[in-house]
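Structure at a glance
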Amino acid sequence: MSERRRPVDRSRRAALDVLTAVRAERAYANLVLPQVLRKHRLEGRDAALATELASGAIRMQGLYDPVIDACLTKPRLQDEVRDVLRLGTHQLLSMRVPDHAAISTSVDLVRASVGQGPAGLVNAVLRKVSRRPLAEWIAEVAPDRTRDLHGHLAVAHSHPRWVVELLAEALGGDDELEALLVADNAAPRVTLAARPGLADVAELEVAGGTRTTLSPYGVVLAGGDPAAVPAVAEGRAGVQDEGSQLVALAMADAPLLGRDERWLDLCAGPGGKAALLASLAAQRGARLVANERQPHRATLVASAMRAVPPEAVHVLAGDGTRPAWVPGTFDRVLVDAPCSGLGALRRRPESRWRRTPADVDVLVGLQQVLLDVALESVRPGGVVVYATCSPVVAETVDVVAAVLARRDDTHEVDRFQLWPHREGTDAMFAATLRRRPVG
Ligand SMILES: C[S@@+](CC[C@H](N)C(=O)[O-])C[C@H]1O[C@@H](n2cnc3c(N)ncnc32)[C@H](O)[C@@H]1O
């Protein structure tokens, strides 16, 4: 068949659709992927290939773009052509696709999506990329490691430099920094939580899972579609990172004197932690109020609760900074605050390129207000867990310190910081605070 009439590989076409939507429409890759896979009728290995191509090309663009630029003779490149080159470069440098297949399918793809014009350019650039292995390209395009470690790691592991610097600050130094950046670029394992009283871990093991070591409710799936597991389909279990399970348990299991009936999840959407908390509350004769500001996310919370006994939960759509309850109502409160998400970069390939340092500044103000509201909402003697899926110092320990500095009725009793390269979880932070009992 002539080159011009060769059909475009559907997985690569789908991957390009994802890159286009993420770039041009600011779509989220993990939300747009299922739609694109359906549109191209991709399943099994073809769907897995499209997913790897799209996620890898987006995640690694901080390394691939300088490599591509080093192969150009003219500096300017159409966005659509750069997307095709990112996909081709990912195949050449990070996947086991033979060079000739990576190059010819990319040429076909650009011909079909942009036109004949850039086909020669794509062919020439990818041939140059294919002449060196990844390590040599890193040595060529990244700053020298001994002179500028953060600059080197930022390019070699494709993270914005400001993110690398905040992660180094959170780690307290550079010793584990590279291990963390490597972990950020690896696909997370799919973990389920068996919601107590509704499903048990043994049931999920039968579905092909292996027990997690840190959460008593967690099971890691070897593969396959988690939605096909009956307990997940029925809402008796949920897909949930082990770190998120530990945050929910920090709230549910913090020692408490006196009444333990009224629980609040102040920022509940989309409802993973709230569903685990509500099932625990049902077992312990407590009731959870699951509050979420965005109405459509409150709907997701309600859906996550479909298997929970209705008397154990009340879902509320409301702004947590203007509480709809009187102060001191609750015995336990979780404030899983809106945050930069820099601890969950493994899950969202584009998020590191979307976030800016200014986002962190804005979020810190909201995080402090929400933590203050949480402390006002809990009775004296009650506990509040403040959590983020970010390890950034400004969003974690600094928020807790700033709020505690203004209050003389609260002290910190516990805290943890999890890491993808240590525990294999998202980089979740949680601090447990207690309001002093009166008298
Ligand atoms: C990190 S997410 C919570 C994740 C959730 N706990 C879970 O495990 O599924 C933060 C949530 O806070 C919500 N949020 C943001 N501002 C809020 C506010 N002022 N009041 C209540 N919720 C808010 C966001 O819409 C988002 O759903």
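Residues numbered from 1 in each chain as written. Predicted model: local features only at pLDDT ≥ 70, side-chain atom pairs only at ≥ 80, totals over all residues.

Going by the annotation in an unreviewed UniProt entry, the name recorded for the protein is RsmB/NOP family class I SAM-dependent RNA methyltransferase, with Nocardioides astragali given as the source organism. UniProt annotates the protein under Sequence similarities (unreviewed entry) with the comment "Belongs to the class I-like SAM-binding methyltransferase superfamily. RsmB/NOP family." (UniProt positions renumbered as here; feature names shortened; annotations may be inferred.)

**Some words on the overall build of the protein**
Check the secondary structure of the protein and you find 19 helices and 11 strands. The globule rule puts the C-alpha radius of gyration for 439 residues at 22 Å, and the 24 Å found for the protein is close to it. Expressed along its principal axes, the backbone C-alpha trace of the protein runs to roughly 80 × 50 × 35 Å. Within the protein, buried positions represent 48% of all 439 residues. Long-range contacts, defined here as pairs at least 24 residues apart, represent 73% of the contacts in the protein between residues at least 6 apart. (Helix = DSSP H or I, 4+ residues; strand = E, 2+ residues; numbered from the N terminus. Rg over C-alpha atoms; globule rule 2.2 N^0.38 Å. Buried ≥ 20, exposed ≤ 12 C-beta atoms within 10 Å, placed from the backbone. Contact = placed C-beta atoms within 7 Å.)

**Details of the sheet that holds strand β7 (residues 313-317)**
Strand order in the open sheet formed by seven strands is β7-β6-β5-β8-β9-β11-β10, with mixed pairing between adjacent strands. This sheet does not close on itself; its edge strands, each paired only once, are β7 and β10 (410-417). Between one strand axis and the next, the sheet turns through 15° on average, direction left out of account. Of the strand pairs in this sheet, strand β5 (residues 262-265) and strand β8 (residues 330-336) are connected by three bridges, and their pairing is parallel. Residue L264 lies in a different strand from β8, and its bridge partner there is V333. (Pairing = 2+ DSSP bridges. Axes fitted to C-alpha atoms, helices over the stretch in contact; angles between N-to-C directions.)

**Some remarks on the domain arrangement of the protein**
Structurally, the protein comprises domain 1 (6-135), domain 2 (142-184), domain 3 (190-239) and domain 4 (240-435). Measuring from the centre of the C-alpha atoms in domain 1 to the corresponding centre in domain 4 gives 39 Å. Each partner contributes residues to the interface: domain 1 has seven residues there, and domain 4 has four residues. The set of elements that each furnish at least two residues to the side of domain 1 that touches domain 4 consists of α2 (29-39) and α3 (44-59). Per-element tally for the side of domain 1 that touches domain 4: the top contributor is α3, with three residues. Residues of the side of domain 1 that touches domain 4, tallied by class, amount to four nonpolar, two polar and one charged. (Domains from an automatic or database assignment. Nonpolar A, V, L, I, M, F, W, Y, C, P; charged D, E, K, R; others polar.)

**Comments concerning the confidence of the model for the protein**
Of the residues in the protein, 99% reach a pLDDT of 70 or more, and the chain-wide mean stands at 96. Within the protein, no element has a lower average pLDDT than strand β2 (residues 209-211), which sits at 94, and none a higher one than β5, at 99. Here the prediction assigns the complex a pTM of 0.96, and the interface score ipTM is 0.99. (pLDDT = per-residue confidence, 0-100.)

**Some details on the UniProt feature "active site" (unreviewed entry) in the protein**
As recorded in UniProt, the feature "active site" (unreviewed entry) lies at C389. Residue contacts for C389: discarding those within four places in its chain leaves C339, G341, G343, A344, D426 and M428.

**What about the site of the ligand?**
If you check the shell around the ligand, you find 19 residues, and the closest are C267, G269, K273, R293 and G320. Looking at the shell around the ligand, the elements with two or more residues in it are α15 (272-284) and β6 (287-292). Taken together, the residues of the shell around the ligand sort by class into five nonpolar, eight polar and six charged. (Near = placed C-beta within 6 Å.)

**Topic: helix α19 (residues 397-405)**
Of the residues making up α19, those classed as buried are V399, V400 and V403. Buried residues of α19, seen end-on, are gathered within an arc of 95° and therefore sit on one face of the element. Structural note: α19 exposes A401 and A405 on the side pointing more than 90 degrees away from its buried face. Residues of α19 that are buried make contact with α18 (357-377), β9 (378-388), β10 and β11 (429-435). (Arc of directions from axis to C-beta.)

**Comments concerning unusual backbone geometry**
A cis geometry characterises the amide bond from G269 onward to P270, with omega recorded as 5°. Within the secondary structure layout, P270 lies in the loop between β5 and α15. Residues other than glycine seldom take positive phi values, yet R26 does so here, at roughly 55°. Tracing the sequence through the fold places R26 in the loop between α1 (10-24) and α2. Despite not being glycine, S158 has its phi angle at roughly 55°, a positive value. With respect to the helices and strands, S158 occurs in the loop between α9 (149-156) and α10 (161-171).

**A short note on the pairing of β11**
Along β11, seven of the seven residues are buried, which leaves the element largely enclosed by surrounding structure. Because side chains alternate across β11, one face comprises the buried residues F429, A431, L433 and R435, and the other comprises A430, T432 and R434, equally buried. Taken together, the six bridges between β9 and β11 define a ladder with antiparallel strand orientation. In the strand pairing of β11, Y386 is matched with A431.

**Some details on the nonpolar core**
Formed by 133 residues in total, the largest nonpolar core has its most connected members in L277, A278, V335 and Y386. If you tally residues by element for this core, the top one is α15, at eight residues. What Y386 contacts, discounting residues up to four positions off in sequence, is V335, A337, L371, V399, V400, A431 and L433. (Core = buried A, V, L, I, M, F, W, Y, C linked by C-beta atoms within 7 Å.)

**A closer look at the UniProt feature "binding site: S-adenosyl-L-methionine" (unreviewed entry) in the protein**
On the UniProt side, "binding site: S-adenosyl-L-methionine" (unreviewed entry) is annotated at positions that read C267, A268, G269, P270, G271, G272, K273, E292, D319 and D336 here. As for its placement among the helices and strands, A268 is situated in the loop between β5 and α15. The class of A268 is buried, set by 33 C-beta atoms lying within 10 Å. Ignoring any residue separated from it by four or fewer positions in sequence, one finds A268 in contact with A274, A290, N291, E292 and V301. Considering the arrangement of structural elements, one finds G271 in the loop between β5 and α15. Residue classification places G271 among the buried residues on the basis of 25 C-beta atoms within 10 Å. If near-sequence neighbours (up to four positions away) are discounted, G271 is found in contact with A290, L300, V301, A304 and M305.

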